[in-house]
Amino acid sequence: AQKVTQAQTEISVVEKEDVTLDCVYETRDTTYYLFWYKQPPSGELVFLIRRNSFDEQNEISGRYSWNFQKSTSSFNFTITASQVVDSAVYFCALSEASGASGGSYIPTFGRGTSLIVHP
Amino acid sequence: SQTIHQWPATLVQPVGSPLSLECTVEGTSNPNLYWYRQAAGRGLQLLFYSVGIGQISSEVPQNLSASRPQDRQFILSSKKLLLSDSGFYLCAWSMKRTPLHFGNGTRLTVT
């Protein structure tokens, strides 16, 4: 069974600080996908990134970066020089390639980390 | 490009009344469709998913049901709402290995 743990319930930072959101996952599959989503106060979930289990390269997109480490089953998300607009709930998710019901790739979400960036 | 529409945005319903939330996807064919609920605790609970017309899988036994009458239409229903049905309902779509893309959600308050 797949499981995603986001141990940080809430993080509060001051603008321009760097912040890392932790994500630890469990899976018995060798092929799987990891995701990060952002949920701003308006409510919709916005897809940020997907990584597959064969690609451990870290990724950087502007102020966002992701560190995928299979050895520790972690897929952490760092925001550099945080801004007030980064305030949101961030979800990490995992889907196994074997999937349920014949490969439906249904993701399991962590409980989310609420990031509050103060001006 | 693909878009997902979900309505209504907010809904206040009395206990015991019926419910119908609708979700449609444009710009793709035979998507996987999902209904999630997000209660106050913030976690996302998968309620139903569908891999094709008329194919519905329920993840949590409850007061709700789902239907997929057309390829890109997904409906969440209840015959009689309970107070515990209050929450934020999100529809999403994906293809087999792609990320989920979510609608804007419906905030349901059962009074």
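Keep in mind that what you see is a predicted model, and the values were worked out from it rather than measured. (Residues numbered from 1 in each chain as written. Chains lettered and ligands numbered in written order. Predicted model: local features only at pLDDT ≥ 70, side-chain atom pairs only at ≥ 80, totals over all residues. Heavy atoms only, no water.)

K.L.:
Can you walk me through unusual backbone geometry in this structure?
P.N.:
Leave glycine aside and you will find that most residues have negative phi; peptide bonds, for their part, are mostly trans. Across the junction of B:W7 and B:P8, the peptide omega takes the value 0 degrees, indicating a cis bond. We note that A:K16 has phi near 85 degrees; this positive angle belongs to a residue other than glycine. Relative to the helices and strands, A:K16 is located in the loop between β2 (10-14) and β3 (19-21). The exposure class assigned to A:K16 is exposed, which follows from its relative accessible area of 69%. (Helix = DSSP H or I, 4+ residues; strand = E, 2+ residues; numbered from the N terminus. Buried < 20%, exposed > 50% of the residue type's maximum accessible area, 1.4 Å probe, protein only.)

K.L.:
What's the story with the pairing of strand β1 (residues 3-7) of chain B in this structure? I'm lost.
P.N.:
Residue and element names in this part refer to chain B. The side-chain alternation of β1 yields one buried face, formed by I4 and Q6, and one unburied face, formed by T3, H5 and W7. In terms of strand pairing, β1 meets strand β3 (residues 19-26) through 5 bridges, oriented antiparallel. Each bridged residue has a counterpart across the sheet, and for I4 the counterpart in β3 is V25. (Pairing = 2+ DSSP bridges.)

K.L.:
What is the right way to look at the packing of aromatic side chains in this model?
P.N.:
The relation between two aromatic rings is expressed through the spacing of the ring centres and the mutual angle of the planes. Residue and element names in this part refer to chain A. As enumerated under the stated definition, the model contains 18 aromatic pairs over all chains in all. Taking the centre distance of 5.5 Å and the plane angle of 65 degrees together, the rings of F77 and Y90 count as edge-to-face. Here the residue F77 occupies a position in strand β9 (residues 74-79), and Y90 occupies one in strand β10 (residues 88-96), the gap between them amounting to 13 residues. Using a relative accessible area of 0% as the deciding quantity, one classes Y90 as buried. (Phe/Tyr/Trp six-rings, centres within 6.5 Å; stacked < 30°, edge-to-face > 60°.)

K.L.:
Help me understand the nonpolar core, please; the structure alone is not making it clear to me.
P.N.:
One broad rule of soluble globular proteins: the nonpolar side chains tend to lie buried together. Formed by 23 residues in total, the largest nonpolar core has its most connected members in A:W36, A:F75, A:F77, A:Y90 and A:L115. Elements supplying a minimum of two residues to this core: β2, β3, β5 (32-39), β8 (64-69), β9, β10 and β12 (113-118) of chain A. It is β10(A) that provides the largest number of residues to this core, a total of 4 residues. Every residue in contact with A:Y90, bar those within four places of it in the chain, is listed here: A:Q6, A:L21, A:W36, A:Y37, A:K38, A:L48, A:Y64, A:F77, A:I79, A:G112, A:T113 and A:L115. With 21 residues, the next largest nonpolar core counts A:Y105, A:I106, B:F88 and B:A92 among its residues. (Core = buried A, V, L, I, M, F, W, Y, C linked by side-chain atoms within 4.5 Å. Contact = heavy atoms within 4.5 Å.)

K.L.:
Hey, could you run me through the environment of B:S57 in this one?
P.N.:
Residue and element names in this part refer to chain B. Mapped onto the secondary structure, S57 falls in strand β6 (residues 55-58). Separated by 10 residues in the primary sequence, S57 and S67 place their C-alpha atoms 9.9 Å from one another. If we skip the residues at most four places from it in the chain, S57 touches L47, F48 and Y49.

K.L.:
Can you walk me through the state of the cysteines in this structure?
P.N.:
Cysteine pairs can be covalently joined through their sulfur atoms, and such a bond is termed a disulfide. Using the criterion set out here, one finds 2 disulfides over all chains in the structure. Here A:C23 pairs with A:C92 through a disulfide, and the sulfurs are 1.9 Å apart. In this structure, the disulfide formed by A:C23 and A:C92 twists by about -65 degrees around the S-S bond and is classed as left-handed. Of this pair, A:C23 sits in the loop between β3 and β4 (24-26) while A:C92 sits in strand β10, and the two are 69 residues apart along the sequence. Disulfide partner of B:C23: B:C91, at an S-S distance of 2.0 Å. Between B:C23 and B:C91 the sulfur-sulfur dihedral comes to about -75 degrees; the bridge is accordingly left-handed. Here B:C23 is found in strand β3, whereas its partner B:C91 is found in strand β9 (residues 87-94), with 68 residues between them in sequence. Classification of B:C23 by relative accessible area gives buried; the value is 1%. Look at B:C91 and you get buried, because its relative accessible area is 0%. (Disulfide = S-S within 2.5 Å.)

K.L.:
What am I meant to see in the pattern of salt bridges here?
P.N.:
A side chain of one charge can pair with a side chain of the opposite charge if their charged atoms are brought near each other. Scanning the entire structure with this criterion turns up 5 salt bridges over all chains. The residue A:R51 makes a salt bridge to A:D55 at a minimum N-O spacing of 3.1 Å. (Salt bridge = Lys/Arg side-chain N within 4 Å of Asp/Glu carboxyl O.)

K.L.:
Help me understand the interface of chain B and chain A in this model?
P.N.:
Contact with chain B, which involves 21 residues of that partner, is made by 24 residues of chain A. Carbon and sulfur atoms supply 57% of the area buried between chain B and chain A, which totals about 1900 Å² over both sides. The largest contributions to the chain B side of the interface with chain A come from B:R42, B:R97 and B:P99, which together make up 31% of the buried area. In this structure, the connection of chain B to chain A is made through 0 salt bridges. Connecting chain B to chain A are 2 residue pairs in polar contact (both at pLDDT 80 or more). Looking at the side of chain B that touches chain A, the elements with two or more residues in it are β4 (32-38), β5 (44-52) and β9 of chain B. Its residues placed into classes, the side of chain B that touches chain A shows 11 nonpolar, 7 polar and 3 charged. (Buried area = accessible area lost by both parts, 1.4 Å probe. Polar contact = N/O pair within 3.5 Å; in protein donor to acceptor, adjacent residues only side chain to side chain. Nonpolar A, V, L, I, M, F, W, Y, C, P; charged D, E, K, R; others polar.)

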